[in-house]
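Take a look at the letters that make up each chain.
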Amino acid sequence: MGRRAWLIIAIPAVTLFIAFWLLPMAKLAGLGAATPQGMDVSAYWLVLTQPRYWQSLANTVGLSLAATLATLAIALPVSRFLARHPAFPGRRVLMSLLIFPLAFPGVVVGFLVILATGRQGVLNTLAKAISGEPMVLAYGMAGLFIGYLYFLLPRTIGVLMAAVEGIDKHWLEAAQTLGASPWRRFVDIELPALTSALTAAGAMCFATAMGAFGTVFTLGTKIDVLPITIYDEFTNYANIPVAAALSVVLGLATWAALYIANTLASRSAQRR
Amino acid sequence: MTLASSLQALSITLTHCAKTWPDGSRALEPLNLEVRAGETLALLGPSGCGKTTLLRMICGLEKTDAGGTIRFGSDDVTRTAPEARGVGVVFQGYALFPNMNVAQNIGYGLKIRGVDSVTRHRRVTEMLELVELEALAERRIDQLSGGQRQRVALARAIAIEPRVLLLDEPLTALDARLRQQLRVDLSALLKKLGITCVIVTHDQEEAMMLGDRVAVMSAGRLEQLGNPEMLYRQPASNFVADFLGTLCHLRGGPVKHHHGVDSLTFRPHEVQLQAPGHGLAASIRARFYLGSHVRFELVLDDGQPFTALAGPDAPWQPGDSVSITLNQTHAA
Amino acid sequence: MTHSRFDTRLGLTITLVVTAFLIGPVLLSVTAGLTKNYFVGLSSGLTLDWVTQVWDLYADTIWRSYGVALATLATTTLIGVPAAWVLTLFPGRLSRLLEELLTLPVAVPGLATALALIVSWGSVGWLRSSVLFIVIGHVLFTLPFMVRAVRAGMQGADLVVLDEAAATLGASRRQRFFDIIVPAARSGIVTGALTVVTLSIGEFNLTWLLHTPLTKTLPVGLADSYASMRLEVASAYTLVFLLMLLPLMVGLQWFAARTTRTGSITLGAST
């Protein structure tokens, strides 16, 4: 096999990965098994049993789930519209505008949320002008939810658009000639054909939202979600075992979600 | 009541139907066409000739340009949405729903119509018997062979008791041997159902076997409409003649000398080969033995090529000189 | 006409609302960065003072971010293109596992990767205080994007067959790699390169934990300004960042439209 000889050129990438990710991660996982100062159980046990960490985990999961569902519900009609209208004036510009925020890091997203819904934001100005009551969302869960929507929507629209384009138009026409109304065609034919793409996109959204740090960091470090808890434990309390244990739990959760997403995505790609 | 007797036969009348795409190009020139009640009409033509567009107009999936009307019997359906037209359509590639099994696919149109599950089940069973797929009711679509898919698509289209049946290249996706068999089956089934049917195909043999009448189309125009024999014997144009089988053309001095005309147009089976002597002189370039007959590729002395068919015992070999006469059965 | 008019209207409305939601805040930020006094409003007049102030305060972070991005790009290209070729050559289970592994630093939150790097390599003093520490983090995070883009280019070109053809003509491995494989994967490499630079310039999650006061990058500076500067300065700084991203995104879209069927681009800045 002449091919074997090629393997040698992958060594630098593999070495770098092992030295700077795999082994450090293993060490981090090991640290999570250590006993934090003043405690008599391992950090893993601690993060799974203490309500403080539980609460943080529940907040993160709940917020990520809500943001994921909202993103899918909003992105689906947008993707269908863009996929079904491949040529209308201004489409390219519209697509570029929808895609541009893909490149924004979380910190910037957080700042944009503050500009829109913070104390000096447009939303507050408008609310005061209309009802006299102030309206500030940015620095709490609501602001974080808006931030999550902001970075999840551009990621999801592209994925779903490709899936909608992959639906055989003849299926919909066949259903139509059999008497199905637009709504029935959507429910009976289109949604089933999109299930795996929606699940895959949903898992991707969930994982991305779970691990988001920059956005929360800008909005305010008082919001109780897992990345902030990890950051606090590490920098403010120097509680490395707990920070490590929480990181590993968070990492496993996001990895599992993404693994499901990739498996489903490749399966739906094969079926086509 | 059996299905065959419950299907009605309505004529389809298209009056001044044209189709212009948004970019201004014409897919279909203004056209009048009547499909008689109960007949099978084959729309035949090369790809891009407008035959599928015409079919999609009858389904309602494409709108006709302003001024055109489509009637089923006396019912003007020009503005009726495809959902409400009551057409049974077999799509090219069949478009079976991958998220439903065979029985669910066939029963889908009935479910949409709110038919109760008992009646639905009975009708689906009836359909499965009709297309001889009783054993496959619970199969997933991706577990079916091409021929089985074709029959499921047909059953799904017929199950709703459509007013007219429309088939878009129903056999193209199948391999040649299976296609032969299914042509015979499909022809028998259509006769049995007695429904008005339009079949789109680019295969002249399929059109001639399945169509009571054949409409030959080219470049968005209806070239000729008639029964298969008439089209073959009296083609209205060279295009029609050429599309329904091979057509050979010869011209020049020797042709004028032997036949008294400027040019000759004929079909390969009309050529008779003889030992050199009387008639046009030609030489054999290639010989293909095909079992029931032998196909010869020939050239005249001045190099013009043509084709001839002869019986399986024809003795000539490449390099031989022959003379030809024509035994024409139609006017050139 | 399988798409009903209601569908179209609803779709268009939601699409426009989403576009406004995504672009509105960006316009606010641009306006704020160019307005004399944002609280007074545009009537206070336009100015480039805030941008100048950002330049005086943060120019070093901008240059450092470009430096880090270029170093990251060089590394990911040098190690990523060969890795992508090996993954293309061996399409089996093992290589899927390998690609899955290389993707882990993207799948797992940057926070966890950064902590792991700190607990393992943070004690190496010269490394911890050097920009190299940040580059390592960025390489881990961007390498999967480079590998994926290059692989997509290689699969499209049916490179395995081309390589075998070149081998039968007597080309050595090195000749094949540089004469056949790299040129054929060119568009994939360019897409990957643009992606890597875009992601590196915007990377915050890893960098925030890996940086030292002497190795601040642009996003770290941004976070700093968001926390401690007046809104106009923070906005002007954001404006500078957006202007840096713009050519990269335009290039990426242009390339994606030419090379992939759907014209979609795969990117995911650290959130």
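Residues numbered from 1 in each chain as written. Chains lettered and ligands numbered in written order. Predicted model: local features only at pLDDT ≥ 70, side-chain atom pairs only at ≥ 80, totals over all residues.

Within chain B, the secondary structure is distributed over 11 helices and 17 strands. Once the C-alpha set of chain B is aligned to its principal axes, its extents read approximately 80 × 50 × 35 Å. Each of the 332 residues in chain B was classed as buried or not, and the buried ones make up 38%. Expressed as a percentage of contacts within chain B between residues at least 6 apart in sequence, the contacts between residues at least 24 apart total 63%. (Helix = DSSP H or I, 4+ residues; strand = E, 2+ residues; numbered from the N terminus. Buried ≥ 20, exposed ≤ 12 C-beta atoms within 10 Å, placed from the backbone. Contact = placed C-beta atoms within 7 Å.)

Moving on to the interface of chain A and chain B. Interface size, as often reported, equals the accessible area lost upon joining of the parts. The interface of chain A with chain B comprises 15 residues on the first partner and 16 residues on the second. Secondary-structure elements contributing two or more residues to the side of chain A that touches chain B are α8 (169-177) and α9 (182-211) of chain A.

Glancing now at the sheet that holds strand β7 (residues 164-168) of chain B. Hydrogen bonding along the main chain pairs the strands of a sheet, whether they run parallel or antiparallel. Residue and element names in this part refer to chain B. The mixed open sheet is built from six strands, whose spatial order is β6-β7-β8-β3-β9-β10. Looking at the sheet topology across the chains shown, the edges are occupied by β6 (87-90) and β10 (221-226). Ignoring strand direction, the axes of neighbouring strands in this sheet form an average angle of 20°. One ladder, built from five bridges, connects strand β9 (residues 213-218) with β10; its direction is antiparallel. Considered in β10, the bridge of Ser218 is made with Arg221. (Pairing = 2+ DSSP bridges. Axes fitted to C-alpha atoms, helices over the stretch in contact; angles between N-to-C directions.)

Turning our attention to helix α7 (residues 141-165) of chain A. Residue and element names in this part refer to chain A. With 25 residues, α7 ought to run about 36 Å at 1.5 Å a step, and its terminal C-alpha atoms sit 35 Å apart, in line with that. Roughly 35° is the biggest bend found in α7, and it falls at Leu152, with proline Pro154 one to four residues downstream. Among the 25 residues in α7, 19 count as buried, and that is most of the element. (Expected span 1.5 Å × (residues − 1). Bend = angle between axes of the 7 residues up to and from the residue.)

Before going further, it helps to spend a moment on the environment of Ala282(B). Residue and element names in this part refer to chain B. Assignment of secondary structure puts Ala282 in strand β14 (residues 280-289). Residues Ala282 and Asp262 lie 20 residues apart in sequence; the distance between their C-alpha atoms is 18 Å. Excluding residues within four positions of it along the chain, Ala282 makes contact with Leu298, Val299, Leu300, Val322 and Ile324.

Moving on to the interface of chain C and chain A. With 76 residues of chain C in contact, the opposing surface of chain A contributes 83 residues. Those elements that provide at least two residues to the side of chain C that touches chain A are α1 (5-34), α2 (49-89), α3 (93-107), α4 (110-121), α6 (131-156), α9 (186-202), α11 (218-228) and α12 (231-259) of chain C. Grouping the constituent residues of the side of chain C that touches chain A by class yields 50 nonpolar, 23 polar and three charged. (Nonpolar A, V, L, I, M, F, W, Y, C, P; charged D, E, K, R; others polar.)

Proteins that are soluble and globular tend to have nonpolar side chains buried together. In terms of nonpolar packing, the biggest core is built from 251 residues, with Leu43(B), Ile58(B), Ala155(B), Leu166(B) and Leu115(C) touching the most fellow members. The residues touching Leu115(C), leaving out its near neighbours within four places in the chain, are Leu28(A), Phe234(A), Ala243(A), Ala244(A), Ser247(A) and Leu209(C). Core analysis: the next-biggest nonpolar cluster, separate from the first, contains 12 residues, Leu250(B), Ala282(B), Leu298(B) and Ala308(B) among them. (Core = buried A, V, L, I, M, F, W, Y, C linked by C-beta atoms within 7 Å.)

The next point concerns the domain arrangement of chain B. When the domains of chain B are assigned, the result is domain 1 (12-243) and domain 2 (248-331). One C-alpha centre belongs to domain 1 of chain B, the other to domain 2 of chain B; they are set 40 Å apart. (Domains from an automatic or database assignment.)

The subject of this paragraph is the sheet that holds strand β2 (residues 26-35) of chain B. All names here are of chain B. The antiparallel open sheet is built from four strands, whose spatial order is β2-β1-β4-β5. One side of each edge strand has no neighbouring strand; the edge strands of this open sheet are β2 and β5 (75-76). Taken together, the four bridges between strand β1 (residues 12-20) and strand β4 (residues 69-72) define a ladder with antiparallel strand orientation. Bridge pairing in β4 links Thr13 to Arg71.

We now examine the packing of α4(C) against α6(C). Residue and element names in this part refer to chain C. Where α4 contacts α6, the two axes come as close as 11 Å, and the packing angle between them is 135°. Accordingly, the angle class assigned to the pair α4 and α6 is oblique. As α4 runs across α6, the sense of the crossing is right-handed. Across the interface between the two elements, Gly110, Thr113, Ala114 and Leu117 from α4 touch Ile136, Gly137, Leu140 and Phe141 from α6. Taken together, the residues that form the contact of α4 with α6 break down as five nonpolar, three polar and no charged. (Parallel < 35°, antiparallel > 145°, perpendicular 65-115°, else oblique. Left-handed = near helix turned anticlockwise from the far one by under 90°.)

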